Each structure stands twice: as structure tokens, then as C-alpha cells.
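Spelled out, the chains give:
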Amino acid sequence: MSDLQNDQNSKSDAPTGVLGWLGERYQIQGLIDYLAKKEVPSYRHSFWYYMGGLSLLFFMVQIVTGILLLFYYTPGKEAYSSVKFIVEKVEFGWLIRSIHSYAANLMVFFVFVHMFSVIFMKAYRRPRELTYITGFILLALSMGMGFSGYLLPWDELAFFATKIGMNITESVPLIGPIMAGMLKGGPEVGFDTISRFFALHVWGIPLLMIGVLGAHMFFLQVQGISEPDGFKALPVEKQKRVKFFPTFMYDDFLIWLIALNGLIVLAVFFPWGLGPEANVMAPTPEGIHPEWYFMAMFQILKILPNIGPLESEHIGNIIFGLTGAILALIPFWGNNRERLVSYFTIAVLAGLIIFSILAYHAVGSI
Amino acid sequence: MNFPFWQAGDGFFGLLFILTKTLFTLTTLSAFGAGVFLALGEKNPLFDSHSGYREFMKKFTGFVLFVVTVLGTVSYSALWIIYILTAPATLSTIVHEFVWVWILQGFAYLLEVGSLFVLYSTFNKVHKENHVDLAWSFAILSLITLIISNATLSFQQTPGHWLNTLKFEDAWFNASYLASLSVRILVSVQTGGILALLVISTLDKGKLKTEVASHAASFVIYPFILLPFATLWFLATIDPGMVDYLAAGFSGVEEGNLSVLTRFVFLAVFSAVSVFIFTLLGAVLNADGFKRSMGFWLVILAFTAAGSTEFVRTLLGNPYAIAGYMYNNGIKINDADQFSEGFLAKAKWTVIKEVTDENILAAGKELYMYQFSGATVSGGYNSLFSLAKAATNVQETLDLINQIKWGSESNLYAAYVPSFLGNDSEANALASYVAWKNGVFEPTPEQIAYLKKFETAPAGLVQ
């Protein structure tokens, strides 16, 4: 084959359009080749692979709607009136706030589902330890986002639920009182607390999340998606894989579209409410409780007894801290303890569900 | 006036009604679009050269047969049963007034199903050109059914000149006839394409799947571009009162004050746009990866769009079965004046003829059942119970009943709740019943005992 023919062939394989334009200016051919080669296993449990994408979608929704809410939200003394203004006066403010609040909850939900599916599919194994740990940190940060955002409207529910949360934080041995003091900005939950939570909610935690998310995605891209034992055990001719680009990516988009439909149904049919303005002098009303993902902890703390010099909050904090640490360090348990990992995770999951149901029953929601 | 009936419009039955209506709407609408897809599909050169393509076409014809015959007839029968139970007089009047239309519609439907049976059973048995003709016959017969059913449905929305002339042609060619027909034809083509995509999602990956999916997707995408114009045309032809009602629902949307109607309009628009994007991403850009689960979700989205649109259409139609002529509760406007002087005594099938202190709850319930239950769902938006929710006692409930009384000039709800017909004691009975149901009235044990007797053994109470 002549050089001219070779040249013509290579030209015909080169990307055209936007990619071609970029390719002429930057060295992106390697990236394009990588994306073209990247594959995702396709089998009956493949749908669990979409949970991470859904978490990412709701995170992006959070950022976009959060920026829109920032146009009008004022922390501090005017927090409540600014949220009321957003909901009642700003065009489609009610919709943006509803979407933001539901997306926050859905993000936490899908991060939970993603984490448990990763554990059950044993995707935390070597060499993906760091992918798992960054994922676990993202779960903790998502919950932190939820907690810090909950106070911002400064309505009755937000105030008292945060007060309960601060009491729990305060009871953490040694560092608890310092942490609670820093977060509250004074002896009690007040307007200074809103400013601090606001800073964390719109700046501190999102910045951390973006950094950790970037690392998580980087590890994922470098190592690829894990293939479970069941898939690897299949004969080679039965091991089906789909191209990440465009097949898996389009699938992801379609699932996002369905999820956005669900989000719109929730926001339009059941708009997120705003209760009466918080009154710091008022006694705690009945039925006050934190968000659903803290309900299990809330219930456990209520039923734990004091043991010797240890108060129930201290015991609770030790239990939660240990459980979190054990979950976070799952990749380092060793290959011979994988069955134990599964049993432990099932126990944690069952505990979360049972204690959450009990908590909702106790506050009269079910 | 309604015959005695069972109350089937509440809770689960209300939901069942909307789901059945949506299923029926989708199945009847899909026939024409599917027919066109089949006729054009058989003319495709692949039909002669690719056995897999012929296999797909046969599979799709079988699926359309299942949808049109099984799902169509089951949902149609279920709808009739629900209508018979909730508004028998209304149904009886519509059938009586338009008996020829119903006969024509039934006949066209039989021909449509017959032609589809022939089309399916003659696959690979008759000459190809004849088979294409059969496919076109099915498509045309489906279109005729659509044209006829569109006449009855659009007539209920805009009876227009018929109210004065009572002429058949005025009923048929009513104001919204052509506009609603254009909407239905476009949606029909889309649903035909969606059914095809559902079958395509079961095909193995390959060139065939890509080609057929792209062809079916064009059935969904092109009508979508025309649909907004057809919808605007339709809105321009219906009763301005209905458009005002729709606009009123949107007036507070920026501040979040939106009615149930508005919420469903939102859902209809959002899910319809989602159907478009889903088809574009799934069946055009990634046709090879269009798998069963995606076909399923596409149908769910289409069902949501059709269901919410149907719900909006039903809400706009209430409380009238035929706007301005007859209430959905079965009472004709011409009879309203005489009933407003005393309903129970003059109505044919009522058990209680006069309100007393003892039977006040039972009389209230009977008034509610005959005048309101057929028009609005008891637990739903616009129901009398929902409207009276703010009332804290019988007197405040009575104020609302008097506000919606026949002839009242301060009736704000005339467009979507039937006017109350009855004398003062009947209004008081209805108010007591509604207030009791809303928990703001404490009846005596005798009144409750009488109501129980009325509910369990009404024959013994006939006065």
C-alpha cells in the first residue's frame, strides 16, 4: 500500500465535527481511543451499575438548583423570610426549592444504594480500595450536605431537628463539644449557626465533594468497572460487554430522563413545604424528627440505656463511629472474610430499615 | 334522572377508572398508527430480502392484534361497566340520542378487528401485494373508527349548534371536530410507533434492529413536532370557559398556587417531551442498545402522558357529560327548575321522600349520591367534601351549599361542580351529611341508626 493510501486511510478514520476540530488543536486522540475501547459488563445485575450515575445526576441537579436559590437566599436573621420570598414571590421559586430538596434526599438514597450494591457485588476488592473509600467519603459528605441544608430555611422543623443533631454531636467524646461549638457559633443554635451551616452547605462541603468525586471518577476510569465473580465464571463466549461510549452512556441518559420525570412528579404534585418560622424560646413540639437517613440513629439513641459512667449518647456515638469505621475499611478485611463482610452489611442494612420504621412509628408518622 | 346505582367513583375505583380509560385511549389510538406502520413496513425492500425482517413484521402484527382485540375490548367493556354503575342516565341519553353513531362505531370496530385477523392469518399465504392491500385496509378501517369516535368525544366538549338545532350533522361536525381529529391522528401515529419500538426492543442487536428502530422512531418524532400546533388549534375551538378554567389554574403557577388540573397539565407536557427525548436517545442515537427494559419504560412514559392528558380532558368536561346540555349526574337542565323546589319528592328512584330530624343524614347521603357522586370523585379535588373542608360547622357547610344552589349568582364553582337542586330542608340535610363526613357535626344515635338502615336495607325505608 502506498504512503498516499495510508495517509488517506488514516484521514478517513480521524474524528470529524467537534471532536475533529478539537483533535486538530489538542492531543485528545488518546482519550477518544480509550473511550472507544472502554467496556462495561452486560448481565442480569447490570442495572446496579446505574446507581452511581443516578447519584451524580442528583448531585448536578443540587448544584444547578442550589445556585438558583442562592440568587435570593439570605443567611442569618432574614433566612426564613428569604425562603418565604423564594417560595411565594419568586417566579417558579417554589419549583426550584422543591426540586432542590427532593434531589438532596434522592442523592443520599442513591448513594446508599450504590454503596450497598458495591459491597454485595464485592467491587471493593483489590485494586479498587481507593474507589470504595472515596465513595464512602462521598456518602458521609452527602449526609453532611443534607444536615447542613436542613437548617437553612429556619422553620420550626429545621430548628428543632438541628438542635437534636447538635446535642448528638456535642455528646461525641473529647471532640464533640468543640465541634458543636464551632458549628453553632454560640451556646445555642441561632442565627450564627445558620451562617456557619450556610458556608458549609454552599462552599465547604460541595468543594470537598467535587474534589473527592473527581478522585472517585478518576479511579473508576483508570481501573474500569469491576466484574463480579458470577460474570467472570461464565464461559468467554457468554461474557457480554457493551461499549461505554455510546451504549452505556446513552442508557445512563435514558435512566436520568426517567429519574427526572420522577423528580418532577414529586416537586409538582407534592411541593416541599415551609413550616412556621422557628421560635427559639418555644418548647420542642411533638413529632419533631431529623431527615429519614438519620432516623435509625435517632431511634437507637432513644432506646439506648445509660451504662455505668457512659450516657446513652456516648454509647450511641461509639456504636455509630465503630460501624462507620468498619464499613469504611471493608476493603482491608482480607479475602477470607468476604462472607463476614456480607453478613455484617446485611445486619447494618436490616438495622437501618428496622430502626427507621420504629422511629417513624414512634413519632406517629406510620 | 339516575336509576339506583352503586357508588363506584371513590378511591380505588376512581384510579381504576382513569387507568382503564387511559388503557382504552392508548389501545384505540394505536390501531391507525400501527396500521400505517404495517402497510409501509411491508413495502420496505427488506421484506423480500431479509427473513428476520419478515419475522419481525409478523411478530408486530400479532402484537397489534393482541393490543387491539384483547386490551381494546377488555378496557372498553370495563369502561362501560364503570359508566353504567356511575352515570347510567347519562350513558343512556348519549346512546339514545346518537344510536346510529354507536352502531356505526361498533360496526367499524368489528371490520377493523376482522381485517387485522385476516392480515395476521394470511402472512406468507397470499401474494405480497395483496397482503399490503390488507394492511392498508386495516389502517383505513382503524382511521374510520377514529373518525367516528372523535365525533362523539369532540361533541361532548363542544356541542355547539346542536343545542339549538338537534341535527345530527351539527353534532358530528361540531366546533372542535377537525382540530381534535388532527390531535388524535398525530397521537395515533406516535402510539403506533411506540408499540413497534416495544417489539423492536426484543430483537437481537444488529443492522436490522438499527434500521427498523430508526423507522419506528420517525413515527414518534415527526408527529411530536406538529403536536403543539394541533393542540393550540384545538384550544382555540373549545368552549372559552374551559380555556379560562385552564388559564385560571396557571395564573398562580409562578407562586406555586396551582390546581390539580395544572399539575396534570405539567405532567402531560413533561412526559410527552420525555417520550420524544427517550425515543431520540434510545431508538435513534443508540438503536442497537434499545433493549426490553427501555421499551417498557417508553411505554410507561407514553402511558403517563396519555393518562394525564385524559385526566385533564375529563376534568375540563366535568360536571357536564355534554357541555351546557346535561349534567354528568344525569339531570337535564330543563328539569332543574322543578327539582330546585324539592328534589326527593319528585325524583323517581329516591327512598326518602321528605327530610325529617331522624333521617337527616340518610336524606343527605341520598341527595349526595344522586346529585354529586356521579360527577366528581368523593375523595378528589372538586368534590363537595373537599370544597367544604374549611367549614367548621353545619351552618358554614350550608352556606357553601346555598352558594352552589341552582340559580345562585354567587356560584364560583358552576364550571366544575354540579349545582345543588333542592329546597331548604334538603340543603340542610345535605349540609349535615357533608359536615358529619368532614368531622364537624355530631349527629344523634337515632340519626346514625337511620343512616345505617338506609345503607343496609333501604327497601324497608321506602316512604
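Residues numbered from 1 in each chain as written. Chains lettered and ligands numbered in written order. Predicted model: local features only at pLDDT ≥ 70, side-chain atom pairs only at ≥ 80, totals over all residues. Heavy atoms only, no water.

## Considerations on the nonpolar core
Note on soluble globular proteins: their nonpolar side chains tend to be buried together. Rules: Put simply, buried Ala, Val, Leu, Ile, Met, Phe, Trp, Tyr and Cys residues joined by side-chain atoms within 4.5 Å make one nonpolar core. Summary of the burial criterion: residues with accessible area below 20% of their type's maximum are buried, those above 50% are exposed, and those between are partly exposed, where the area comes from a 1.4 Å probe applied to protein chains only. Secondary structure is summarised from DSSP: a helix means a run of H or I of at least four residues, a strand means a run of E of at least two, and numbering begins at the N terminus for each. Contacts are residue-level and defined by heavy atoms, with any inter-residue pair within 4.5 Å sufficient.
By size, the foremost hydrophobic cluster in this structure holds 72 residues, and its most contacted members are Phe58(A), Tyr132(A) and Trp154(A). In terms of residues, this core owes the most to one element, helix 6 (residues 93–120) of chain A, which gives 17 residues. The contact partners of Trp154(A), leaving out residues within four places of it in the chain, are Ala79(A), Tyr80(A), Phe159(A), Val189(A), Gly190(A), Phe191(A), Ile194(A), Glu277(A), Ala278(A) and Val280(A). Residues Phe372(B), Leu398(B), Leu430(B) and Ala435(B) belong to the second largest nonpolar core, which totals 57 residues.

## Here's the deal with the domain arrangement of chain A
Residue and element names in this part refer to chain A. Selection rule: Domain start and end points were adopted from an automatic or database domain assignment. The term buried area refers to how much accessible surface (probe radius 1.4 Å) is lost by two components on association, counted for both of them together. The salt bridge criterion pairs a side-chain nitrogen of Lys or Arg with a carboxyl oxygen of Asp or Glu, the two atoms within 4 Å. Within 3.5 Å is the distance limit for a polar contact, defined as a pair of N or O atoms, with the added protein rule that one can donate a hydrogen and the other accept it, and that residues adjacent in sequence qualify only through two side-chain atoms. Each residue receives one of three labels: charged for Asp, Glu, Lys and Arg, nonpolar for Ala, Val, Leu, Ile, Met, Phe, Trp, Tyr, Cys and Pro, and polar for the others, Gly being one of them.
Segmentation of chain A into domains returns domain 1 (34–285) and domain 2 (289–366). Placing a centre on the C-alpha atoms of domain 1 and another on those of domain 2 gives a separation of 20 Å. Contact with domain 1, which involves 27 residues of that partner, is made by 26 residues of domain 2. Taken over both partners, the interface formed by domain 1 and domain 2 buries close to 2500 Å², and the fraction arising from carbon and sulfur atoms is 74%. Seen at the junction of domain 1 and domain 2, the total is one salt bridge. The salt bridge involving Glu338 is made with Arg125; its shortest N-O contact spans 2.6 Å. Linking domain 1 with domain 2 are seven residue pairs in polar contact (both at pLDDT 80 or more), by the criterion used here. For the side of domain 1 that touches domain 2, the secondary-structure elements that each account for two or more residues are helix 6, helix 7 (129–151) and helix 8 (156–170). Residues of the side of domain 1 that touches domain 2, tallied by class, amount to 21 nonpolar, three polar and three charged.

## Quick notes on the interface of chain B and chain A
Facing 24 residues of chain B, the contacting portion of chain A comprises 23 residues. Here chain B meets chain A over a buried area of about 2100 Å², counting both sides, of which 72% is carbon and sulfur. Ranking the residues of chain B by area buried against chain A places Glu254(B), Arg263(B) and Phe270(B) at the top, with a combined share of 27%. Inspection of the region where chain B meets chain A yields one salt bridge. Asp251(A) is the salt-bridge partner of Lys291(B), the closest N and O atoms lying 3.0 Å from each other. At the boundary of chain B and chain A, one finds four residue pairs in polar contact (both at pLDDT 80 or more). For the side of chain B that touches chain A, the elements supplying multiple residues, two or more each, are helix 12 (260–285) and helix 13 (292–317) of chain B.

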